[in-house]
Amino acid sequence: MNVITIESEVFKRLMQKLDAIQDRLIEVEHQSFSDKWVSNTEFVGMLKISKRTAQNYRDKGLIRFSQIGKQVYYRMSDVCCKLPLN
């Protein structure tokens, strides 16, 4: 096993940079998750529900969605945080 020594100031700067990278990764991960949209097909597949159940969730206002033409989309942050558990 090799031992590497560095000055304490260098170590502090290295740790600050690693902390900044970690903070940025957490921020990007959160943004990516909350901004991601899934189709109705992906939505029913993730929750293992029928298309009719998904329609009931929309009709009852249990899940927010957007529609472009006949295609329905859900924001992942709504899917993961706002649905009732069966």
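Note that the structure is a prediction, hence the values are computed from the model and not measured.

K.L.:
Would you explain the overall build of the protein in this entry?
P.N.:
Secondary structure assignment for the protein yields four helices and three strands. Along its sequence from the N terminus, the protein presents helices and strands in the succession α-β-α-α-β-β-α. Looking at the protein as a whole, 21% of its 86 residues are labelled buried. A separation of at least 24 residues holds for 48% of the contacts in the protein among residues at least 6 apart in sequence. Per element, the accessible surface of the protein, about 7,200 Å² overall, is 55% carbon and sulfur.

K.L.:
Explain the sheet that holds strand β2 (residues 66-68) to me, please; I cannot follow it from the model alone.
P.N.:
Through backbone hydrogen bonds, the strands of a sheet pair up, either in parallel or in antiparallel fashion. Sheet architecture is open: three strands sit in the order β1-β3-β2, paired in antiparallel fashion. Each edge of the open sheet carries a strand with a single partner, namely β1 (37-39) and β2. Averaged over all neighbouring strand pairs, the angle between strand axes comes to 35°, with direction disregarded. One ladder, built from three bridges, connects β2 with strand β3 (residues 71-75); its direction is antiparallel. Across the sheet, the residue bridging to Q67 is V72, located in β3. Contacts from helix α2 (residues 40-47) reach β1 and β3 within the one sheet, and its direction differs from that of β1 by about 90°.

K.L.:
Help me understand the packing of aromatic side chains, please; the structure alone is not making it clear to me.
P.N.:
This structure, assessed with the given rule, holds one aromatic pair. Above the plane of the ring of F65 lies R58, whose end atom (NZ or CZ) is 5.6 Å from the centre.

Calculation criteria
- Residues numbered from 1 in each chain as written.
- Predicted model: local features only at pLDDT ≥ 70, side-chain atom pairs only at ≥ 80, totals over all residues.
- Heavy atoms only, no water.
- Helix = DSSP H or I, 4+ residues; strand = E, 2+ residues; numbered from the N terminus.
- Buried < 20%, exposed > 50% of the residue type's maximum accessible area, 1.4 Å probe, protein only.
- Contact = heavy atoms within 4.5 Å.
- Areas by Shrake-Rupley, 256 points an atom, 1.4 Å probe, with all protein chains shown as cover.
- Pairing = 2+ DSSP bridges.
- Axes fitted to C-alpha atoms, helices over the stretch in contact; angles between N-to-C directions.
- Phe/Tyr/Trp six-rings, centres within 6.5 Å; stacked < 30°, edge-to-face > 60°.
- Lys NZ or Arg CZ within 6 Å of the ring centre and 35° of its normal.

These values are about where atoms sit, not about what they do.
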